[in-house]
Amino acid sequence: MLYVTTPYLISTFTGNVNNFNVIYLLSGGDPVTNLSSTAGSTDLLVTWLYKLTIDRQYYNVGSVIGILTFIILAVGALLTYRNSKSYKEEGGF
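Every value quoted in this text rests on a predicted model; they were computed, and no experiment measured them.

A. Highlighting a nonpolar patch on the surface. Together, V64, I67, L68, F70, I71, I72, V75 and L79 give the surface a local cluster of nonpolar side chains, amounting to about 800 Å² of exposed area. In this structure F70 comes out as exposed when scored by relative accessible area, which is 58%.

B. How the structure looks around the packing of aromatic side chains. Scanning all chains against the criterion turns up two aromatic pairs. Geometrically, the ring pair formed by Y81 and Y87 is edge-to-face, given 5.6 Å between the ring centres and 65° between the ring planes. Residue Y81 is classed as partly exposed on the basis of its relative accessible area, which comes to 26%.

C. Looking closely at helix α4 (residues 59-82). With 24 residues, α4 extends 34 Å between its outermost C-alpha atoms, agreeing within 8% with the 34 Å of an ideal straight helix rising 1.5 Å per residue. In the core, the buried residues of α4 are packed alongside α1 (2-17) and α3 (45-55).

D. Spatial organisation of the pattern of salt bridges. Scanning all chains against the criterion turns up one salt bridge. In this structure, K51 and D43 form a salt bridge, with 3.2 Å as the shortest nitrogen-oxygen distance. The buried category is assigned to K51, whose relative accessible area is 8%.

E. Geometry of the packing of α1 against α4. Following both chains from N to C, one finds α1 and α4 inclined at 165°, their axes separated by 10 Å at the closest point. In terms of orientation, α1 and α4 fall into the roughly antiparallel class. Judged by the twist between their axes, the crossing of α1 over α4 is right-handed. Contacts between α1 and α4 involve P7, I10, F13, T14 and V17 on the former and, on the latter, L73, A77, T80 and Y81. The residue makeup of the contact of α1 with α4, split by class, is seven nonpolar, two polar and no charged.

F. Summary view of the side chain of T6. When you line up the elements, T6 lands in helix α1. Relative accessible area serves as the criterion here: at 13%, T6 is assigned to the buried category. Aside from chain neighbours lying at most four places away, what touches T6 is S84 and S86.

The rules behind the values
- Residues numbered from 1 in each chain as written.
- Predicted model: local features only at pLDDT ≥ 70, side-chain atom pairs only at ≥ 80, totals over all residues.
- Heavy atoms only, no water.
- Patch = residues over 30% accessible without salt bridge, like charges linked within 9 Å, V, L, I, M, F, W, Y side chains within 5 Å.
- Areas by Shrake-Rupley, 256 points an atom, 1.4 Å probe, with all protein chains shown as cover.
- Salt bridge = Lys/Arg side-chain N within 4 Å of Asp/Glu carboxyl O.
- Buried < 20%, exposed > 50% of the residue type's maximum accessible area, 1.4 Å probe, protein only.
- Phe/Tyr/Trp six-rings, centres within 6.5 Å; stacked < 30°, edge-to-face > 60°.
- Helix = DSSP H or I, 4+ residues; strand = E, 2+ residues; numbered from the N terminus.
- Expected span 1.5 Å × (residues − 1).
- Contact = heavy atoms within 4.5 Å.
- Axes fitted to C-alpha atoms, helices over the stretch in contact; angles between N-to-C directions.
- Parallel < 35°, antiparallel > 145°, perpendicular 65-115°, else oblique.
- Left-handed = near helix turned anticlockwise from the far one by under 90°.
- Nonpolar A, V, L, I, M, F, W, Y, C, P; charged D, E, K, R; others polar.

This is a description of form; function is not addressed.
If you want it as structure tokens, here you go:
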């Protein structure tokens, strides 16, 4: 069963990292525990990036974090897929 669902699980994991709407619409990432902090207690990486760029105009920090997040997720997804049985036995399906 994992042979078929491995690509779906990889894409679902990547999509859940970018799950912006649930956290931001329910709590907005609040409460912020430290006044000098830019991240709140319920912030995810994506909602924190949104606050950095929209609320505080830290475009340079937001772009670097966004690019690094993409690179880490892309490399992790490619390595996981290349080591899975779905990739190794692609022609047998």
